[in-house]
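# Chains, contacts and geometry: an overview
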Amino acid sequence: MSLTVSGYMRQLYKGNSYGATVNGRSGQPAHSLFSADMNAVRRAVKELNDYDYDEGEGTELMNKVQAFVDTYNNYIDSAKGMNDDDVNRYMSKMKKLTKEHASELEDIGITIQSSGKLKLKKKDLQDTSRYDVGQLFSKDAEYAKMTEKQMKLTQRMFLRNNLNIPKQSAQTKKSGADNNTQTTAEGLLADSMKMQSAQQAVQGMVGNTIDYML
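Quick caveat: nothing in here was measured; it's all calculated off a predicted structure.

Evaluated as defined, the whole model comprises 8 salt bridges. A salt bridge links K46 to D50, with the shortest nitrogen-to-oxygen separation between them at 2.9 Å. Here K46 and its partner D50 are both found in helix α3 (residues 30-50), 4 residues apart, which amounts to about one turn of the helix. In this structure, D77 engages K117 in a salt bridge whose closest nitrogen and oxygen atoms are separated by 3.1 Å. With D77 in helix α4 (residues 58-82) and K117 in the loop between β1 (110-112) and β2 (118-120), the pair connects residues that are 40 residues apart, well separated along the chain. Each of E47, E60 and K64 takes part in one network of salt bridges that share partners.

Here's what the structure looks like:
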């Protein structure tokens, strides 16, 4: 059974329900919204992956596309609110990817605004074929796969930065002749304690409902 757009939004923001509505988002810190929005975009893409483009209900498809547009726009808003160089860099990559598919998006009624946010013209979507929508959002579609990948990479960056995890630990490379390499039990225990402290700090910053969906 097809859900309403608001129904899909509640589903996409499961665990972070404040992100699903304008009122719920009001007053929330940008980092909490950013995390929730990345998860929601990935779930919205998956919803469109799973749609039956041969026999699915038209209203269901329209509502899922609108929910994707809404989560994408929320992501743009929260990313800008972060005022973070790394976040801005990853957001630019997502915007570039979307711009590369601008023509295909326009074919199904989605236009890219100057802000980078999307706008859906429902009449145009109604007049297009499911095949055209599937070219963008089916399981094997390039735009859907790359969007999911970009969100996943952004989430990893966000988690790494907030936990202060280096991209590659010095202990991953071991040389018997290198006195600078530390592999003692004390060093490993210290790293573990640092990780636990960092994780606790992030939980305190973004709340217990955070879901990185990695």
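Now that the structure is up, let's keep going.
Moving on, we come to the packing of α3 against helix α9 (residues 142-163). Their axes nearest at 10 Å, the elements α3 and α9 cross at an angle of 155°. The orientation of α3 with respect to α9, classified from their angle, is roughly antiparallel. Note on packing geometry: the crossing formed by α3 with α9 is left-handed. Counted together, H31, F34, S35, M38, N39, V41, R42, V45 and N49 of α3 and A144, T147, E148, M151, K152, T154, Q155 and F158 of α9 form the full contact between these two elements. The residue inventory of the contact of α3 with α9, partitioned by class, reads 7 nonpolar, 7 polar and 3 charged.

Taken as a whole, helix α8 (residues 130-137) has its buried residues at V133, G134, L136 and F137. Angularly, the buried residues of α8 cover 160° about the axis, an arc narrow enough to put them on a single face. Close packing links the buried residues of α8 with α3, α4, α6 (102-107), α7 (122-127) and α9.

With respect to the element layout, T71 can be found in helix α4. Here the side chain of T71 touches F68 through a polar contact of 2.9 Å, landing on its backbone oxygen. Those residues in contact with T71, other than ones at most four positions away along the chain, are M9, L12, Y13, A40, V41 and A44.

Criteria and thresholds
- Every residue gets a number counted from 1 within its own chain, in the order that chain's sequence is written.
- Local features in this predicted model are restricted to residues whose pLDDT is 70 or higher, and side-chain atom pairs enter the listing and the counts only when it is 80 or higher, whereas totals over whole chains, interfaces and linings include all residues.
- Hydrogens and waters are ignored; side-chain quantities use all the structure's heavy atoms.
- By definition, a salt bridge exists where a carboxyl oxygen of Asp or Glu is found within 4 Å of a side-chain nitrogen of Lys or Arg.
- The secondary structure listing takes helices from DSSP runs of H or I that are at least 4 residues long and strands from runs of E that are at least 2 residues long, numbered from the N terminus.
- A fitted line through C-alpha atoms serves as each axis, taken over the contacting stretch for helices, and the angle formed by two N-to-C directions is quoted from 0 to 180°.
- Any angle that is under 35 degrees is reported as roughly parallel, and any over 145 degrees as roughly antiparallel; angles of 65 to 115 degrees are reported as roughly perpendicular and all others as oblique.
- Left-handed describes a crossing whose near helix is turned anticlockwise from the far helix by less than a right angle; the clockwise case is right-handed.
- In this description, contact between two residues means that some pair of their heavy atoms is separated by no more than 4.5 Å.
- Amino acid classes used here: Ala, Val, Leu, Ile, Met, Phe, Trp, Tyr, Cys and Pro are nonpolar; Asp, Glu, Lys and Arg are charged; the rest, including Gly, are polar.
- Here's how the labels work: a residue is buried when its accessible area is under 20% of the maximum for its type, exposed when over 50%, partly exposed in between, all with a 1.4 Å probe on protein chains only.
- What the arc describes is the spread of directions from the helix axis to the C-beta atoms.
- Polar contact is defined as a pair of N or O atoms within 3.5 Å, subject to the rule that within protein one atom must be able to donate a hydrogen and the other to accept it, and that residues adjacent in sequence are counted only when both atoms are side-chain atoms.

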